[in-house]
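# Secondary and tertiary structure notes
The chain contents come next:
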Amino acid sequence: MDSEHDVLKAVVNDGAFGPVTFVSSKLNNEVDLGTQFASVISFAVLVVNNGSSDLEIHVVLKRKHVSNETKDLFNSDVAFQNEVIMYTKILPLLQAERLNLFPKLFYPNHIDGTFFNENLLIFENLQHCGYIVTKEKIFIDYEHIKIALMKLAQFHGQSYLSKRRHKDLFFEIANKLVETKFTLERTSEDLNMFLQCLLRGIKPLIEQDKEVDILNKVFNKLQNIAEVAESLVKPEEPFSVICHGDFCRNNMFFMYDNDQPKDIKFFDLQNSLYSSPAIDISFFLYMNTTAEMRNKYWDDFLNIYWESLTDTVPNLEFTSAQFMEHFAKRAIYGYFPTSFFLPMSMEPDYLLDIEEFSKLQVEEKHKRMVNCAGVEGTKAVSDIVEHLLNKNYLHKFLEL
């Protein structure tokens, strides 16, 4: 692997930062990495000269993991391609710059230069601009959730507006995105590991004799996990939008005023896809809220999203009731990645380094995942299943 210094020098020489020359670079190890699993992240300060003076540019370098096992686990090749498509094709089409929601992508801003590294992405460092990750590592409070949902609705709204402006071009580009998480192309071992994570939250409720008939039907339907996931992410008009695809606290930066979030930025678009907005909403709310907060504010959260969406897009093609029905059938999707990542986030040291984890034998991987965070981890995912049950989302899922 090339050093960061050599990579940045080559990228500057290829014109990614404009008409400047490379002076120097150094790693910045004081920046908070946050919680990241799918990529290797580093920060650097780049010094360039524009012909009259030296300029500092603070950047984030995002690389694929080294081992093939880890790259396969996160579908890294497809994921990196998705992110490039999002930045170079889709965000401009959506006129997303008006939202000021995403960091700038410096490299690759094209793929036909003299230097091209398919294992590397370079972004502006938003933390240098006053944005930081939350102090909370998993569950965030009402105000953080509110601003995130409002901005998510604005982002989703750009898809509806774009479809009105240039429908054919929109679908041509949107269809270039590839679903990365629960695809039929994954190995049976990976799919079975994901399945065991899903069942971890269902089994305790069956043992407690809670709506056993419904849970058994869900249990049985999930045995074909790839096909089920495919049906959940399959676009349905007129609801579908360009989704972030991995919309959670890990992939957000906030700016604060007196400890209250006043602005937000989204990053990490490698899992983006054209799908139901329920994909983003359900994952975010199940991954980053406590059971108590869901029970108290769930309907408020959905209304916050809906009101921001209707403010963004006049004369939507569907009503609130139609949207909520559409959401209800797909809300279980949020449980899919949450059942995997929430226990990992509750006890991040348990799984060892992600590169080491990916190289374990299949049985050991499964054992670690279903035991990660212990009793508390099981309760956390089981609470989500119970919420899905209480909101009749599992009943609606069975109709899909």
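We now turn to the structure provided with this report. The model shown is predicted, which means the values in this text are computed figures rather than measured ones.

### Looking at the overall build of the protein chain
The number of helices and strands found in the protein chain is 16 helices and nine strands. A globule of 400 residues ought to have a C-alpha radius of gyration of about 21 Å, and the protein chain, at 21 Å, matches this closely. C-alpha extents for the protein chain along the principal axes are approximately 75 × 55 × 45 Å. Residues classed as buried in the protein chain amount to 57% of the 400 residues present. A fraction of 75% describes how many contacts in the protein chain between residues 6 or more apart in sequence connect residues 24 or more apart. Surface summary for the protein chain: the accessible area is close to 17200 Å², and the carbon and sulfur share equals 48%. When the 40 basic and 57 acidic side-chain charges of the protein chain are each reduced to a single mean position, those positions are 3 Å apart.

### Structural notes on the environment of Asn-216
Looking at the element boundaries, Asn-216 is found in helix 7 (residues 212–221). Separated by ten residues in the primary sequence, Asn-216 and Ile-206 place their C-alpha atoms 7.7 Å from one another.

### With respect to the side chain of Ser-282
Considering the arrangement of structural elements, one finds Ser-282 in helix 9 (residues 278–288). Within polar-contact distance, the side chain of Ser-282 engages the backbone nitrogen of Gly-334 at 3.0 Å. When sequence neighbours within four positions are dropped, the list of residues in contact with Ser-282 reads Phe-327, Arg-330, Ala-331, Tyr-333 and Gly-334.

### Regarding the nonpolar core
Grouped together as the largest cluster of nonpolar side chains are 113 residues, with contacts concentrated most on Ile-242 and Phe-336. Sequence-distant contacts of Phe-336, that is, excluding residues within four places in its chain, are made with Phe-182, Leu-198, Leu-222, Ile-225, Val-228, Ala-229 and Leu-232. Core analysis: the next-biggest nonpolar cluster, separate from the first, contains 18 residues, Val-7, Leu-46, Phe-106 and Ile-122 among them.

### Let's talk about the packing of aromatic side chains
Inspection of the entire model under this criterion finds 26 aromatic pairs. For the ring pair Phe-170 and Tyr-274, a centre distance of 5.5 Å and an interplane angle of 75° mean the geometry is edge-to-face. Taken together, the residues span a long stretch of sequence, with Phe-170 in helix 5 (residues 167–174) and Tyr-274 in strand 9 (residues 273–275) at a distance of 104 residues. On the basis of relative accessibility, which here comes to 1%, the residue Phe-170 falls in the buried class. Residue Tyr-274 is classed as buried on the basis of its relative accessible area of 8%.

### Some points on the pattern of salt bridges
Within this structure, the stated rule accounts for 13 salt bridges. With a closest N to O distance of 2.7 Å, Glu-386 and Lys-210 form a salt bridge. A residue pair is termed long-range when its members are at least 10 positions apart, and Glu-386 in helix 15 (residues 374–390) and Lys-210 in the loop between helix 6 (188–207) and helix 7 qualify at 176 residues. You can call Glu-386 partly exposed: its relative accessible area is 22%. For Lys-210, a relative accessible area of 29% gives the class partly exposed. Between Glu-236 and Arg-330 there is a salt bridge, with the nearest N and O atoms lying 2.7 Å from each other. Taken together, the residues span a long stretch of sequence, with Glu-236 in the loop between helix 8 (225–233) and strand 6 (241–243) and Arg-330 in helix 11 (residues 320–330) at a distance of 94 residues. Given a relative accessible area of 32%, Glu-236 falls into the partly exposed group.

### Some remarks on the environment of Ala-328
Position of Ala-328 among the secondary structure elements: in helix 11. In this structure Ala-328 comes out as buried when scored by relative accessible area, which is 7%. Put simply, Ala-328 and Leu-121 are 207 residues apart on the chain and 36 Å apart in space, counted from C-alpha to C-alpha. What Ala-328 contacts, discounting residues up to four positions off in sequence, is Tyr-393 and Lys-396.

### Focus: the state of the cysteines
The final tally for this structure, using the stated rule, is zero disulfides. Considering cysteine sulfurs only, Cys-248 is the nearest to Cys-243, which forms no disulfide, with 14 Å between them. No disulfide involves Cys-372; its sulfur sits 8.9 Å from that of Cys-197, the nearest cysteine.

### Let's talk about the pairing of strand 7 (residues 252–257)
Of the strand pairs in this sheet, strand 7 and strand 8 (residues 260–266) are connected by six bridges, and their pairing is antiparallel. Across the sheet, Phe-253 pairs through a bridge with Lys-265, a residue of strand 8. Where strand 7 folds back onto strand 8 in an antiparallel hairpin, the turn is made up of two residues, including Asn-258, whose phi is positive at roughly 55°.

### Things to note about the sheet that holds strand 5 (residues 120–124)
Across a sheet, strands are paired by hydrogen bonds formed along the backbone, either parallel or antiparallel in direction. On the basis of which strands lie adjacent, the open sheet formed by five strands has the order 1-2-3-5-4 and antiparallel pairing. Unpaired on one side and paired on the other, strand 1 (21–27) and strand 4 (105–107) mark the two borders of the sheet. Taken over all neighbouring pairs, the strand axes of this sheet differ in orientation by 35° on average, direction set aside. The strands touched by helix 1 (residues 4–13) are strand 1, strand 2 (40–49), strand 3 (54–63), strand 4 and strand 5; relative to strand 1, the strand with the most contacts, the crossing angle is about 150°. The sheet strands contacting helix 3 (residues 76–94) are strand 3, strand 4 and strand 5, and the helix crosses strand 5 at an angle near 40°.

Rules used in this analysis
Residues numbered from 1 in each chain as written. Predicted model: local features only at pLDDT ≥ 70, side-chain atom pairs only at ≥ 80, totals over all residues. Heavy atoms only, no water. Helix = DSSP H or I, 4+ residues; strand = E, 2+ residues; numbered from the N terminus. Rg over C-alpha atoms; globule rule 2.2 N^0.38 Å. Buried < 20%, exposed > 50% of the residue type's maximum accessible area, 1.4 Å probe, protein only. Contact = heavy atoms within 4.5 Å. Areas by Shrake-Rupley, 256 points an atom, 1.4 Å probe, with all protein chains shown as cover. Lys, Arg positive; Asp, Glu negative; His and termini not counted. Charge placed at Lys NZ, Arg CZ, Asp CG, Glu CD. Polar contact = N/O pair within 3.5 Å; in protein donor to acceptor, adjacent residues only side chain to side chain. Core = buried A, V, L, I, M, F, W, Y, C linked by side-chain atoms within 4.5 Å. Phe/Tyr/Trp six-rings, centres within 6.5 Å; stacked < 30°, edge-to-face > 60°. Salt bridge = Lys/Arg side-chain N within 4 Å of Asp/Glu carboxyl O. Disulfide = S-S within 2.5 Å. Pairing = 2+ DSSP bridges. Axes fitted to C-alpha atoms, helices over the stretch in contact; angles between N-to-C directions.

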